[in-house]
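Read off the chains here:
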Amino acid sequence: MDLHLRIKSRILLLSLIIFICFTAVALKTTLIASKQINQLASNSHNYEKTKRLDITDRNGNILATSLSSSSAYVHPKELDNKVLFVKKLAEIFPDLDKEELLGKITSGKKFVWIKKLMSPETERKLFNLGQPGLYFGERIYRFYPKENLASHLLGYTKVKTEGVNFSQLSGISGVESAFDEILTVSTTSSNEDSISLSIDLAVQAHVETVLGEWGKRMNAKAGSVIIMDIKSGEIIALASSPDYNPNKKRTVSFDKDEPGVYFNRAIQGVYEMGSTFKIFSVAQGLEENLFDLDTPINTEPFFVGKKKFKDKFKFDREVTVREIIVRSSNVGAARIALELGKENQKKILKKLGLLDPVPFELIEAKMTTPLNPPDWKPLTLATVSFGHSISVSLLHLARAYSILTNGGFDVKPTIIKKNEDQDIRKRIFKRETSHKILELLEAVVSDERGTGRAANSAYYGIGGKTGTADKPSKKNKGYLEERVISNFAGVFPIGEPRYVIAALLDEPENTFKEKTCRFSGCTVAPMVKQIIERVAPLLGIIPFKSHEENRVDS
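Since the structure is predicted, the reported quantities are computational estimates derived from the model, not experimental observations.

Draft legend 1. The arrangement of the packing of helix α12 (residues 342-351) against helix α14 (residues 378-385) in detail. One can describe the packing of α12 onto α14 by two numbers: an axis separation of 10 Å at closest approach and a directional angle of 40°. Relative to α14, the element α12 is oriented oblique. Crossing of α12 over α14 shows left-handed handedness. Only L381, V384 and S385 of α14 make contact with α12, whose side of the interface consists of K342, Q345 and L349.

See the structure below:
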């Protein structure tokens, strides 16, 4: 009898232990589920205190706004026929994974999402099901009414925190990221309901249209354009092609050799720019009074070490500094750079901001550092003078040309609308140096022998410099002669300089000529002319005045 009681007691004890263990597991599961629901509810409570501001262009046109939509979720224990419910959902959502959803709602979970964001029509269809246990909540999402327009500038948002009745967003690129804290404000805030960017929507639209047309016409793989106010630093337009629609879900690019559509080529891309760099050494030489525009320079081929420098086109044995820029002589530019020396060359590039990231609001710019030469030996001095051995972004180029053409004052690019010009008391170049640079840039476009004559307009005074650089090979040392970066940096109106335009096409090929042409003069320069002729009226620029007709002291 005693033995029987002992066995019975042990069985009861074991049963009690098993019961306690199962109860602990059940309580733990319930606690986790409750914690998730409580977290969603808590997040919803916090969300009520914030909202996201609109983003507008300089004229108040909405570029990004927040709209309200609906979410749908279920409490599985309240569903009467789970299989039938999933079947009805599949009729509303054809791409629904029925087995996966059925597994979730039969797993014992107390909460399951059906759709985190849906259209009013879809909400109506779900509501008409009359399904017990199906609930709806409010969702906020970011909407870009102009779709692809200025997409790289505006950027993307993602859901930072969410609940059953809300979604709080945060920026992950572009303006949405750079001004994330400013854009997120209290719902009771009395501040303005938007931030105003410096870009002009109409100008931006024309720039993107022309860039897209010319990219296809020139068979280019990519391109970018920047228009910047040389005195205020305001970015009036910034386009990168190919672009994307920020209203659509982000996709992943599987091409490791090429950047995807989300890559901002105007800001993030760094390239060897070629002959647009020639103006920098000349500017420093003028600044140091080492020569004048009419000073003769030897353009005969010569060696630096084992490297022979020669021009692609025939020059006289001596040409003036003016002709070196107008006709774009690599030999002449190299000789000028060697005469300047290492310290002077580094000095001019540093003053123009070409050795450091551009001080610009977008995080993408702050993370983009030029690829500077590892050394500054004579060979490097010579190649840097015509835009090789150093890589910068198009934004770098736009800023540098703005400084050269605004009277010689430092200026920092900005994407925020300003009510006045920047305080540009910090002078970098003498006024006279800036005037001579303008004279050179005008001659490049207006002279019959100028490399930029395709940018010459019958309506607006344009000055600028062409640049064509062979792309470096990714597999072998050296360059690919049939793959180039073609770019153009210019200023308009040349009579009263106000805007710089910097444009770039990646691997363009003009096949409309007798022989395929890849030079900037036959690819990018005519594109720039078309852009200026379209946007100048929008910017209030009066047709033609030359630099000589109306030279303005800054």
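Draft legend 2. Main features of the pairing of strand β10 (residues 222-229). Within β10, eight of the eight residues are buried, which leaves it mostly tucked inside the rest of the structure. Alternating positions in β10 separate into two faces, A222, S224, I226 and M228 on one and G223, V225, I227 and D229 on the other, with burial throughout. Across eight bridges, the pairing between β10 and strand β18 (residues 499-506) is antiparallel. Looking across to β18, one finds that G223 is bridged to L505. Remark: five residues form the turn of the hairpin made by β10 and strand β11 (residues 235-241), two consecutive strands paired antiparallel; G233 in that turn has positive phi of roughly 80°.

Draft legend 3. The arrangement of the sheet that holds β18 in detail. An order of β11-β10-β18-β17-β16 is seen for the five strands of this open sheet, with the pairing classed as antiparallel. Looking at strand neighbours, the two that pair on one side only are β11 and β16 (463-472), the edges of this open sheet. Across the sheet, the mean angle separating the axes of adjacent strands is 10° when strand polarity is ignored. Two elements, strand β17 (residues 479-492) and β18, share eight bridges in a ladder whose sense is antiparallel. Along β18, the bridge assignment pairs A489 with A502. Sitting on the sheet, helix α8 (residues 201-217) is in contact with β10, β11 and β18, with an inclination near 30° to β11.

Draft legend 4. Examining the nonpolar core more closely. With 82 residues, the main nonpolar core has F280 and L349 as its most contacted residues. Those residues in contact with L349 that lie beyond four places of it in its chain are F277, F280, L354, L355, W376, V384 and I390. The next biggest cluster of nonpolar side chains, apart from the first, holds 32 residues, and it includes V210, L211, F488 and L539.

Draft legend 5. Here's a closer look at the packing of aromatic side chains. Going through the model one piece at a time under the given rule, you end up with 14 aromatic pairs. Aromatic pair Y73 and W113: ring centres 6.0 Å apart, planes at 75°, arrangement edge-to-face. Here the residue Y73 occupies a position in strand β3 (residues 62-74), and W113 occupies one in strand β4 (residues 112-118), the gap between them amounting to 40 residues. Taken together, a centroid distance of 6.4 Å and an interplanar angle of 50° make the contact between F127 and F136 tilted. You can call F136 partly exposed: its relative accessible area is 27%. Ring-pair connections join several aromatic residues into one group, and the members of that group are Y73, F111, W113 and Y135.

Draft legend 6. Structural view of the state of the cysteines. Scanning the model with the defined rule gives one disulfide in all. Each disulfide pairs two cysteine sulfurs, and for C517 the partner residue is C522, the sulfurs being separated by 1.8 Å. Since a negative S-S torsion denotes a left-handed disulfide, the C517-C522 link at about -95° is left-handed. Take C517 and C522: they sit in the same class, and that class is buried.

So, how was this worked out
Residues numbered from 1 in each chain as written. Predicted model: local features only at pLDDT ≥ 70, side-chain atom pairs only at ≥ 80, totals over all residues. Heavy atoms only, no water. Axes fitted to C-alpha atoms, helices over the stretch in contact; angles between N-to-C directions. Helix = DSSP H or I, 4+ residues; strand = E, 2+ residues; numbered from the N terminus. Parallel < 35°, antiparallel > 145°, perpendicular 65-115°, else oblique. Left-handed = near helix turned anticlockwise from the far one by under 90°. Contact = heavy atoms within 4.5 Å. Buried < 20%, exposed > 50% of the residue type's maximum accessible area, 1.4 Å probe, protein only. Pairing = 2+ DSSP bridges. Core = buried A, V, L, I, M, F, W, Y, C linked by side-chain atoms within 4.5 Å. Phe/Tyr/Trp six-rings, centres within 6.5 Å; stacked < 30°, edge-to-face > 60°. Disulfide = S-S within 2.5 Å.

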